[in-house]
Amino acid sequence: MEVKKSLIKLCALLFLALAQPSLAHSDDFDDLDVEMENLDLDIDRLDEQQREREANRAPIGIGSAGQLGAFFETIGLTEPLWISTKPEKGRDILYLMPSKITSIEYGGGSCNLFFNMTPKMHLTGSNLLNIDQVNSQQLGALLAAAPLTINNPDQVGLLLPFLKKITIQERKVGPYFQFGLVHKSFLLQLHTSLQMGERNFWLNKHDQDEIKALNQLIFGESQQYDERNLYKIRAGMGDTRVKIGLNALNAKKIQTDVGLECIIPTSRSTRKFLPETSDAPLTDDATVFDLTTNGLLTVRDYLLNPELGNGGHFGLGFFLESKINLFSNLVELITRASFDKFFAADEQRLMLQKKTLTAGSLLLDPRIPGNTDALAQSLVVDFAKQYLIPFPYHVSIEPGGIFNGIMILHIPYKKWDLRYGYDFYFQQAERFKQIYASQDVLPLLDSERAHLGTVIQHKISSETTYRIKNFNNINLDIGLGGDTTISAHNIGKDWTIYLKFASEF
């Protein structure tokens with residue numbers, strides 16, 4: 001029966017589309033080359049399949065809805081496929097290198113040519129997708145009984161465990177600038193950056209090889225894969241911090257600056273929003289298929305789009321910085337504490353609808369009055385929005401405030417300066433102020449799955465610089481530094497290396 005064939009193929013392609021990101025690149029996360037592999041499953045085939053569906057559409061009715069309900073009941077889909085629909089957030093570059101430009105007494109400038117890497121971001125296949133509920137044996141048996149044009153449909157279920165192993169990597173590279181002026185007891189500083197960010201899906205080499213073998217077994221001859229589906233690159237300006245302060249204490253052993261700072265979201269000039277989903281009627285299998293595939297591609301873009309700033313939010317805060325001389329000026333202890341409060345701005349969040357249906361809800365009895373094809377179409381769409389595909393919505397979000405504290409032990413030795421530090425980063429949970437959706441849709445949205453919670457990160461750092469004094473009484477420091485994460489909650493464990501050029505005047 002053509003309807004049954006098309007609908008079962010739809011379900012198969014849904015899971016296969018979800019499996020595509022696991023065919024990621026890079027043999028090792030330390031390989032900065034990010035070399036892509038030629039992969040076996042070609043998403044470009046969707047164009048040809050689209051033409052075929054246009055020529056032979058199967059309308060959705062009571063019968064086809066029942067077939068879908070029976071399919072999902074058999075494979076055990078009793079809970080939404082998505083555990084979480086929140087975005088992947090990293091740490092803004094402004095909070096990665098928060099130590100002072102140079103000495104606390106002088107103005108000056110610095111440029112840090114940095115590379116920041118997160119080998120494994122917080123969101124993974126295991127905490128994004130509820131795959132364990134799916135009975136892979138039943139899935140394979142159903143696909144094997146269907147007249148599909150693939151070699152071994154009964155093996156498709158073997159791909160599902162690899163979804164739990166998917167991770168996301170992020171790389172950022174660029175110059176980070178700091179400028180400062182001092183007049184008597186007053187100081188003014190400007191911090192900003194230019195960045196190129198990249199995110200990609202990743203699996204280890206062994207899992208890649210297993211998936212390639214399965215793809216060839218299931219789909220036959222290998223095909224060229226569009227590598228652009230596995231990564232996203234974004235370049236532009238990062239956010240900008242402006243600091244205004246006062247040298248409140250200037251004693252022999254201790255110096256202290258206090259002041260206010262403003263975060264300007266200059267990174268949002270290159271931000272792109274995801275396309276909104278149309279609510280056009282879905283009356284046949286082709287339009288449902290398009291809804292499914294477009295929705296999955298939207299999820300991919302949502303997860304892989306690098307964030308160069310804090311999401312477009314203005315912030316205001318205060319800081320306290322001090323330098324304490326220890327052991328007869330042999331060692332200095334430099335500390336910094338700041339708290340920034342951010343104002344609401346529009347972002348996008350993917351959201352499912354709250355679960356009100358079960359797979360059994362699609363099993364309509366045509367003998368009961370009111371059970372029409374129109375009702376069946378509505379139930380299929382509602383089931384997809386509750387269990388399978390989250391869609392983007394504009395949300396007015398107030399991010400949590402950020403507290404950042406550092407302690408740096410500075411050891412000067414002749415023309416060398418050695419710095420060893422500890423960094424603590426804490427961000428409060430965000431708050432949704434308004435979701436821009438119709439009054440009919442708003443109460444249906446499951447916003448809790450899209451909500452970012454508290455973020456905590458602990459880091460250690462080191463920096464070594466060498467001072468040159470041959471430029472008309474202007475000091476020039478050249479050095480190398482870096483940091484690494486020792487503990488994290490709701491954020492990835494990143495590390496940073498940088499080459500530093502700094503000057504006092």
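Residue numbers here run from 1 along each chain, matching the order of that chain's written sequence. Owing to the predicted nature of the model, reporting of local features is limited to residues with pLDDT of at least 70; listing and counting of side-chain atom pairs is limited to 80 or more, with chain, interface and lining totals taken over all residues. As a rule here, side-chain values cover all heavy atoms of the structure and leave hydrogens and water aside.

S.K.: Which residues make up the nonpolar core, and what values go with them?
M.R.: F72 and F383 are the most contacted members of the largest nonpolar core, which has 63 residues in total. Here a residue-residue contact requires only that any non-hydrogen atoms of the pair lie within 4.5 Å. What F383 contacts, discounting residues up to four positions off in sequence, is F72, L77, L357, T358, A359, L362 and L388. Only buried residues count toward a nonpolar core. Its members are Ala, Val, Leu, Ile, Met, Phe, Trp, Tyr and Cys residues joined through side-chain atoms within 4.5 Å. Buried, partly exposed and exposed residues are distinguished by accessible area as a fraction of the type maximum, computed with a 1.4 Å probe on protein chains only: under 20%, between the cut-offs, and over 50%, respectively. Judged by nonpolar contacts, the second largest core, of 14 residues, contains L94, Y95, L96 and I263.

S.K.: Outline the sheet that holds strand β10 (residues 391–398), listing residues and values.
M.R.: Strand pairing is assigned whenever DSSP detects at least two bridges linking the two strands. For the purposes of this entry, the term helix denotes a DSSP run of H or I that reaches at least four residues, the term strand denotes a run of E that reaches at least two, and both are numbered from the N terminus. The strand order β9-β10-β13 describes an open sheet built from 3 strands, whose pairing is antiparallel. Because the sheet does not close on itself, it has two edges, and the strands there are β9 (345–351) and β13 (431–435). Averaged over all pairs of adjacent strands, the angle between strand axes in this sheet comes to 50 degrees, irrespective of strand direction. Pairing of β9 with β10, which is carried by 7 bridges, proceeds in the antiparallel orientation. What sits directly across from E347, in β10, is V395. Here, axes are lines fitted to C-alpha atoms. For helices the fit covers the stretch in contact, and angles between N-to-C directions go from 0 to 180 degrees.

S.K.: An account of the pairing of strand β16 (residues 495–504) is requested, with residue identities and associated values reported.
M.R.: Where strand β1 (residues 108–118) lies against β16, 10 bridges are found, and the strand directions are antiparallel. Within the sheet, the bridge partner assigned to M117 lies in β16 and is W495. Judged from the 10 bridges that link them, strand β15 (residues 474–489) and β16 form a sheet pairing that is antiparallel. Residue pairing for β16: L476 is matched across the bridge by S503. Between β15 and β16, which follow one another and run antiparallel, lie 5 residues, and N490 among them has a positive phi close to 65 degrees.

S.K.: How would you summarise a nonpolar patch on the surface if you had to cite specific residues and measurements?
M.R.: Side chains of L113, I478, L480, L499 and F501 sit close together on the surface and give an oily, nonpolar patch of about 410 Å² of accessible area. Every element with two or more residues in the nonpolar patch is listed here: β15 and β16. Structurally, L113 is set in strand β1. Grouping into patches uses exposed residues only, defined as over 30% relative accessible area, and leaves out salt-bridged ones; the cut-off is 9 Å for like charges and 5 Å for nonpolar side chains (Val, Leu, Ile, Met, Phe, Trp, Tyr). Surface accessibility in these figures is a Shrake-Rupley result with a 1.4 Å probe; residues are shielded only by whichever protein chains are displayed. By convention in these notes, a salt bridge is any Lys or Arg side-chain nitrogen within 4 Å of a carboxyl oxygen on Asp or Glu.

S.K.: Could you give me a rundown of the pattern of salt bridges, with the residues and numbers involved?
M.R.: Here the structure, examined in full by the defined rule, presents 28 salt bridges. Measuring nitrogen to oxygen at the nearest pair gives 3.1 Å for the salt bridge that ties K164 to D132. Of this pair, K164 sits in the loop between α6 (160–163) and β2 (167–183) while D132 sits in the loop between α4 (125–128) and α5 (136–145), and the two are 32 residues apart along the sequence. The partner of K323 in a salt bridge is E332, and the shortest N-O contact between them spans 3.6 Å. E332 carries the same exposure label as K323, and that label is buried. What emerges from the salt-bridge pattern is a single network uniting K89, R234, E307, E347, R349 and E430.

S.K.: Which residues make up the environment of A248, and what are the values?
M.R.: For A248, the location among the structural elements is in strand β5 (residues 240–250). Its relative accessible area of 53% is what places A248 among the exposed residues. A C-alpha to C-alpha distance of 9.9 Å links A248 and S322, two positions 74 residues apart in sequence. The residues contacting A248, other than those within four sequence positions of it, are T256, D257 and V258.

S.K.: Can you explain the packing of aromatic side chains? Please cite residues and give values.
M.R.: Each Phe, Tyr or Trp ring, with Trp reduced to its six-membered ring, pairs with another whose centre is within 6.5 Å; inter-plane angles below 30 degrees give stacked pairs, above 60 give edge-to-face pairs, and intermediate values give tilted ones. Enumeration according to the criterion identifies 8 aromatic pairs in this entry. Here F115 and W495 contribute two aromatic rings whose centre-to-centre distance is 5.7 Å and whose plane-to-plane angle is 50 degrees, an arrangement assigned as tilted. Placement of the pair is F115 in strand β1 and W495 in strand β16, with a sequence separation of 380 residues. Centre to centre, the rings of F403 and F424 are 6.2 Å apart; their planes meet at 55 degrees, and the pair counts as tilted. Residue F403 is located in strand β11 (residues 402–413), and its partner F424 is located in strand β12 (residues 416–427); the two are separated by 21 residues in the primary sequence. With relative accessibility at 31%, the residue F403 sits in the partly exposed group. For F424, a relative accessible area of 22% corresponds to the partly exposed category. Linked through ring pairs, F71, F72, F383 and Y387 together constitute an aromatic cluster.

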